[in-house]
Amino acid sequence: MDLHFKGLPQLLKRFPDHESAREYLEQKIWGGTPFCPFCKCDKWYKLGKEGQYKCGNKECHKKYTVTVGTIFHGSHIPLNIWFCAMYIASSHKKGISSHQLAKDLNLTQKSAWFMLHRIREMVRDKKEEKLSGIVEVDETYMARKFHSELKPQNFDYTPSWPNIKEKGCVFGMAQREGKVRIKVFESNNAEKLRASIKKHVKKHSWLITDGSNIYNQGLDGYKREFVIHSTKEYVKGDIYTNNIENFWGLMKRGIYGIYHQVSYKHLQRYCDEFSFRYNSRKIPDNVRFELSLSDIQTRLTYFQLIKNGYKEEEPYQEEKSEWD
Ligand SMILES: [Zn+2]
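Note that this is a predicted model, so its numbers are computed, not measured.

Caption draft 1: Seen up close, the overall build of the protein chain. The number of helices and strands found in the protein chain is twelve helices and eight strands. Residues counted as buried form 31% of the 324 residues belonging to the protein chain. Intrachain contacts of the protein chain at a sequence separation of at least 6 include 63% that bridge at least 24 residues.

Next up, the structure:
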């Protein structure tokens, strides 16, 4: 099922309409044989409309299509247009705004906004294997109010803490030659940030940080090195935090330049989106597109998106075996 295409014209040639994209998904998710998403029964009837099936299990008898329970669930937008949105969102280095996507694909801005959030949920790293080796660790601040306070010549501006209302401490861990893991916290609470390191970085790894006091204690079992940026010290041999700094640069240019403003409630999703692109930076766009498709069985309802405020990740519970 490898997709070989380069750019949008070839993607649209491969999927010229909703039906061709649906058939591709039926192969990808079911291997071509319909499968009831409600009771897992593989007996089925075809219904009048293409792509609609009825469960053959007498106790279930539900109607379904291949999109039930996926990010496409309940959407009236043709699947091939969804594919275009996924391709665009995953290949633009700094992301794409819902306004621009709406124009490009002739959708309403609200539809485009919702699609992009579903795509972010889809590409979120759900396995979260621990980082190891040399891991650069740093924190920065991003929030809605940045936009109005941002001065063009001073793009890396950090507003005075904690005077802004909707703020977010964005905490980043970047494994050398590996992945980044980004987590949003309400504030730069040292204990929470250290707990996040324990949750996401293997013990005995090297932590490279700036001179912040946050990392001075409570991290037994890690080797720590640091560079003191305030004294213009940035690189001491292998001791530098350039990877995570570069990630912040890319993300901030995206947030300010493309999205303009992001509320704290949705900030983690944007972090997930930028992490996905960074973590798949070495693979071609078509492979990245397929990679994102491998996780479509993730549903994010409009209700979840709108009503639920953001909650920080659960604090790390130390597992005995791992710390021995
Ligand atoms: Zn069923």
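From this point, the narrative continues.
Caption draft 2: Highlighting unusual backbone geometry. Backbone geometry places K40, a non-glycine residue, at a positive phi of 65 degrees. Topologically, K40 is positioned in the loop between α2 (18-30) and β1 (44-46). The phi torsion at E128 lies on the positive side, around 50 degrees, for a residue other than glycine. Topologically, E128 is positioned in the loop between α5 (109-123) and β4 (134-141). A count of 12 C-beta atoms within 10 Å places E128 in the exposed class.

Caption draft 3: Examining the nonpolar core more closely. W82, F83, A85, M86 and I119 are the most contacted members of the largest nonpolar core, which totals 30 residues. Of all the secondary-structure elements, those providing two or more residues to this core are α2, α3 (79-91), α4 (98-105), α5 and α10 (285-293). Counting residues per element, this core draws most heavily on α3, at nine residues. Those residues within four positions of F83 in sequence are excluded, and the remaining contacts are L11, F15 and A21. The next biggest cluster of nonpolar side chains, apart from the first, holds 29 residues, and it includes M173, V184, I208 and C271.

Caption draft 4: Quick peek at the sheet that holds β1. Spatially, three strands are ordered β1-β2-β3 in an open sheet, and the strand pairing comes out antiparallel. If you trace the sheet from one side to the other, it starts and ends with β1 and β3 (63-64), each paired once. Here β1 runs beside strand β2 (residues 53-55); their pairing, made up of three bridges, is antiparallel. Paired with Y45 across the bridge in β2 is K54.

Caption draft 5: Local environment of the sheet that holds strand β5 (residues 169-175). Pairing in this open sheet of five strands is mixed, and the strands run β6-β5-β4-β7-β8 from one edge to the other. Every other strand in the sheet has two partners, leaving β6 (180-185) and β8 (223-226) as the edge strands with one partner each. Ignoring strand direction, the axes of neighbouring strands in this sheet form an average angle of 25 degrees. Pairing of β4 with strand β7 (residues 206-209), which is carried by three bridges, proceeds in the parallel orientation. Bridge pairing links E136 to I208 in β7.

Caption draft 6: Just the pairing of β4, in detail. The pairing of β4 with β5 spans seven bridges and is antiparallel. Looking across to β5, one finds that V135 is bridged to Q175.

Caption draft 7: Fine view of helix α9 (residues 264-279). Its 16 residues give α9 an end-to-end C-alpha distance of 23 Å, which sits within 8% of 22 Å, the value for a rise of 1.5 Å per residue. Within α9, burial applies to L267, Q268, R269, Y270, C271, E273, F274, S275, F276 and R277. The inward-facing, buried residues of α9 contact α3, α5, β5, β6 and α8 (242-259).

Caption draft 8: Spatial organisation of the environment of R118. Here R118 is to be found in helix α5. Linking R118 and T70, residues 48 residues apart in sequence, is a C-alpha distance of 9.6 Å.

Caption draft 9: Region of the structure containing the packing of α5 against α9. Between α5 and α9, the least distance of the axes is 8 Å, while the angle of their chain directions is 60 degrees. In terms of axis orientation, α5 runs oblique to α9. Read as a crossing pair, α5 and α9 show a hand that is left-handed. Side by side, α5 and α9 meet where H117, R120, E121 and V123 of the first sit next to R269, D272, E273 and F276 of the second. Looking at side-chain class alone, the contact of α5 with α9 contains two nonpolar, one polar and five charged residues.

Caption draft 10: Region of the structure containing the packing of α4 against α5. Running from N to C, α4 and α5 point in directions that differ by 115 degrees, and their axes come no closer than 8 Å. Taken together, α4 and α5 sit at an angle that is classed as roughly perpendicular. Remark: the crossing between α4 and α5 carries right-handed chirality. Taking contact as the criterion, the partners of S98, H99, L101 and A102 in α4 are, on α5, Q109, A112, W113 and L116.

Caption draft 11: Structural view of the pairing of β6. In terms of burial, β6 is a largely internal element, five of the six residues being buried. Two elements, β5 and β6, share six bridges in a ladder whose sense is antiparallel. The residue bridging A174 from the neighbouring strand is V180, located in β6.

What counts as what
Residues numbered from 1 in each chain as written. Predicted model: local features only at pLDDT ≥ 70, side-chain atom pairs only at ≥ 80, totals over all residues. Helix = DSSP H or I, 4+ residues; strand = E, 2+ residues; numbered from the N terminus. Buried ≥ 20, exposed ≤ 12 C-beta atoms within 10 Å, placed from the backbone. Contact = placed C-beta atoms within 7 Å. Core = buried A, V, L, I, M, F, W, Y, C linked by C-beta atoms within 7 Å. Pairing = 2+ DSSP bridges. Axes fitted to C-alpha atoms, helices over the stretch in contact; angles between N-to-C directions. Expected span 1.5 Å × (residues − 1). Parallel < 35°, antiparallel > 145°, perpendicular 65-115°, else oblique. Left-handed = near helix turned anticlockwise from the far one by under 90°. Nonpolar A, V, L, I, M, F, W, Y, C, P; charged D, E, K, R; others polar.

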